[in-house]
Amino acid sequence: MAVTALLGVLCVPAHAEARDISRDTLAPNDGWAAYGTGTTGGSRADEAHVFTVTDRAELVRALAGGSDTPKIIRIAGTIDANTDDDGDHLDCADYATDGYSPRKYLSAYDPRTWGAAKPSGPQEDARQASAARQAEHVVLNVGSNTTIVGLEGAVLKGASLQIKNAENVIVRNLELRDAYDCFPVWQPNTGGLGDWKTAYDNLWLTGATHVWIDHITASDKGHPDAAEPTYFARNYLRHDGLLDITNGSDLVTVSWSRFADHDKAMLIGSSDSATGDRGKLRVTLHHNEFESVVQRAPRVRFGQVHLYNNRYIAKDDYRYSLGISTESAVHAENNAFHTPGHIEAADLVKSWNGSALHQTGTLFNDYPVDLLAIHNAYNSGSERDLTADVGWTPTLHTKIDSAERADREVARGAGAGRIP
């Protein structure tokens with residue numbers, strides 16, 4: 001009997017409740033978000049401001065209009081942002097107003113008849129009004145001193161989670177899926193050939209400081225842009241970024257997350273002319289996986305970005321991974337890249353008006369390579385050479401493993417539902 005009782009104490013059922021991560025804070029030295037006061041999110045919330053939410057209406061109430069009150073929001077199950085207050089699903093036709101229709105819009109602004117002018121008139125006005133109706137449902141503002149965590153299997157789909165002019169925010173263990181724009185706008189002069197512009201990132205940091213993003217999974221799952229038609233000889237895009245960090249955002253750590261099946265995954269810095277980003281955009285990216293991402297993993301303007309122990313898996317539709325742009329200072333260490341045979345190491349880095357890239361310990365299809373030397377050798381005819389001096393050396397970081405070891409560990413541990 002004594003032995004049986006002892007076994008009953010020692011045996012823990014496989015379905016035992018996972019530990020509560022909602023009051024976790026960022027560890028000291030874990031990237032730029034640990035700088036100064038660190039990042040604690042809503043860990044100090046009182047019990048009256050700890051919420052478990054299961055639908056959009058409950059999530060909106062918990063966010064409280066982006067209030068600064070310390071709060072913890074636990075997301076359970078799947079929440080669809082494209083729902084009304086009764087929980088009924090809304091599709092693009094439900095948002096359309098003032099006579100908007102895709103057919104009429106395409107007819108009105110066909111470049112063969114409209115020309116290269118910016119769209120204006122009844123159909124563009126109707127598109128804007130319809131887009132505003134969708135934004136009321138899918139744009140969710142996160143205030144300061146907030147922690148958002150997903151419980152087991154939690155998904156937030158159709159939403160654009162926005163951390164805007166807020167500080168001290170944590171988002172963890174959550175799948176962010178399919179921030180689908182019903183009303184893209186045609187921009188005739190973009191890129192010389194024109195392009196479709198969409199409104200929503202799955203997660204957008206704008207003017208945000210002290211933010212920790214950890215163990216999220218972000219993708220277009222459900223509505224891949226590759227399946228969309230082509231209009232005006234350009235792909236009819238429905239998604240913007242998976243995670244963009246812009247408009248003077250600063251002191252951000254993105255760790256152990258997975259970004260997948262997307263075109264332009266991550267932008268750090270608003271534009272080449274956004275001088276308000278200068279001296280900010282200090283970001284650490286470590287132990288993240290970028291799989292089947294076409295470009296921007298990340299593209300950096302202005303920021304001091306520490307990029308270490310990340311894993312890249314390219315597919316056939318690929319342009320580049322690391323974008324080196326105006327006044328960027330990327331310090332890349334021990335990252336691993338896997339690509340099909342037609343993609344060369346010279347394709348991994350793309351420079352637009354960039355001047356420097358520090359890189360060490362890179363693995364390309366399991367072979368060590370010097371990305372800087374390769375870039376300068378193979379792209380000197382079209383892009384200016386980059387120097388190795390980025391003007392700073394990272395001091396805030398966790399243990400930096402070899403690219404080989406990080407490659408294995410990220411494959412096992414990155415993404416929602418994989419917090420140890």
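Provided above is the structure to which this section pertains.
So, a few notes on the structure that sits alongside this text. (Residues numbered from 1 in each chain as written. Predicted model: local features only at pLDDT ≥ 70, side-chain atom pairs only at ≥ 80, totals over all residues. Heavy atoms only, no water.)

**Section: the overall build of the protein**
Moving on, step 1. Regarding its fold elements, the protein presents eight helices and 32 strands.
Moving on, step 2. Expressed as lengths along the three principal axes of its C-alpha atoms, the size of the protein is roughly 85 × 60 × 40 Å.
Moving on, step 3. The buried share of the protein, reckoned over its 420 residues, is 56%.
Moving on, step 4. Pairs at least 24 apart in sequence give 72% of the contacts found in the protein among residues at least 6 apart.
Moving on, step 5. Taken as a whole, the protein presents about 18,300 Å² of accessible surface, with 50% of it coming from carbon and sulfur. (Helix = DSSP H or I, 4+ residues; strand = E, 2+ residues; numbered from the N terminus. Buried < 20%, exposed > 50% of the residue type's maximum accessible area, 1.4 Å probe, protein only. Contact = heavy atoms within 4.5 Å. Areas by Shrake-Rupley, 256 points an atom, 1.4 Å probe, with all protein chains shown as cover.)

**Here's the deal with the environment of Gly-413**
Moving on, step 1. Of note, Gly-413 is situated in helix H8 (residues 403-413).
Moving on, step 2. Classification of Gly-413 as buried rests on a relative accessible area of 14%.
Moving on, step 3. Remark: the alpha-carbon pair of Gly-413 and Asn-288, spanning 125 residues in sequence, is separated by 9.1 Å.

**Considerations on the pattern of salt bridges**
Moving on, step 1. Inspection of the entire model under this criterion finds 22 salt bridges.
Moving on, step 2. Across the salt bridge formed by Asp-24 and Arg-172, the nearest N and O atoms sit 2.9 Å from each other. Separated by 148 residues along the polypeptide, Asp-24 in the loop between helix H1 (2-10) and strand E1 (50-53) and Arg-172 in strand E8 (residues 167-172) bring together distant segments of the chain.
Moving on, step 3. Residues joined by salt bridges that share partners form a network here, namely Arg-258, Glu-289, Glu-291, Arg-311, Lys-315 and Asp-407. (Salt bridge = Lys/Arg side-chain N within 4 Å of Asp/Glu carboxyl O.)

**Observations concerning the sheet that holds strand E7 (residues 160-164)**
Moving on, step 1. Spatially, eight strands are ordered E4-E7-E12-E17-E20-E23-E26-E29 in an open sheet, and the strand pairing comes out parallel. One side of each edge strand has no neighbouring strand; the edge strands of this open sheet are strand E4 (139-142) and strand E29 (349-351).
Moving on, step 2. With two bridges connecting them, strand E23 (residues 299-300) and strand E26 (residues 322-324) associate as parallel partners. Its bridge partner lying in E26, Val-300 is registered against Ile-324. (Pairing = 2+ DSSP bridges.)

**So, the side chain of Thr-326**
Moving on, step 1. Its location among the elements puts Thr-326 in the loop between E26 and strand E27 (329-333).
Moving on, step 2. A polar side-chain atom of Thr-326 sits 3.0 Å from a polar atom in the side chain of Asp-272.
Moving on, step 3. Within the structure, Thr-326 has its side chain in polar contact with the side chain of Asn-353 (distance 3.2 Å).
Moving on, step 4. Excluding residues within four positions of it along the chain, Thr-326 makes contact with Asp-272, Val-300, Arg-301, Phe-302, Trp-352 and Asn-353. (Polar contact = N/O pair within 3.5 Å; in protein donor to acceptor, adjacent residues only side chain to side chain.)

**Quick look at the side chain of Asp-214**
Moving on, step 1. Mapping Asp-214 onto the fold places it in strand E13 (residues 209-214).
Moving on, step 2. Reaching out from Asp-214, the side chain makes a polar contact with the side chain of His-215 at a distance of 2.9 Å.
Moving on, step 3. Residues contacting Asp-214, with those up to four places away along its chain left out, are Val-171, Arg-172, Asn-173, Ser-255, Trp-256, Ser-257 and Ile-419.

**Thoughts on the pairing of strand E12 (residues 203-206)**
Each regular strand displays side chains that alternate between the two surfaces of the sheet.
Moving on, step 1. Bridging between E7 and E12 involves four bridges; their strand directions are parallel. Across the sheet, Lys-164 pairs through a bridge with Thr-206, a residue of E12.
Moving on, step 2. Where E12 and strand E17 (residues 243-246) come together, four bridges link them in parallel fashion. Bridge pairing in E17 places Leu-205 opposite Ile-245.

**Considering the packing of aromatic side chains**
Moving on, step 1. Following the criterion strictly, the structure yields 16 aromatic pairs and no others.
Moving on, step 2. Taking 4.9 Å as the distance between ring centres and 85° as the angle between the ring planes, the aromatic pair formed by Tyr-109 and Trp-114 counts as edge-to-face.
Moving on, step 3. The buried category is assigned to Tyr-109, whose relative accessible area is 1%.
Moving on, step 4. Taken together, the ring pairs connect Tyr-100, Tyr-105, Tyr-109, Trp-114, Phe-183, Trp-186, Trp-196, Tyr-231, Phe-232 and Tyr-236 into an aromatic cluster.
Moving on, step 5. Sitting over the face of the ring of Trp-352, Arg-299 holds its NZ or CZ atom 4.1 Å from the ring centroid.
Moving on, step 6. Across the ring face of Trp-352, the terminal group of Lys-350 is positioned such that the distance to the ring centre comes to 5.6 Å. (Phe/Tyr/Trp six-rings, centres within 6.5 Å; stacked < 30°, edge-to-face > 60°. Lys NZ or Arg CZ within 6 Å of the ring centre and 35° of its normal.)

**A closer look at H8**
Moving on, step 1. Along H8, the residues that are buried comprise Ala-403, Ala-406, Asp-407, Val-410 and Gly-413. Buried positions in H8, seen along its axis, are confined to an arc of 155° and lie on one side of it. Looking at H8, the residues exposed on the side facing more than 90 degrees away from the buried face are Glu-404 and Arg-412.
Moving on, step 2. Taken together, the buried residues of H8 touch strand E22 (289-295), strand E25 (311-313), strand E28 (336-338) and strand E31 (362-364). (Arc of directions from axis to C-beta.)

**A closer look at the pairing of E13**
Moving on, step 1. Within E13, five of the six residues are buried, leaving the element largely enclosed by the surrounding structure.
Moving on, step 2. When E8 meets E13, the two strands line up parallel, connected through five bridges. Looking across to E13, one finds that Arg-172 is bridged to Asp-214.
Moving on, step 3. Relative to strand E18 (residues 250-255), E13 is paired through five bridges, and the arrangement is parallel. Counted as the bridge partner of Trp-212 is Thr-253 from E18.

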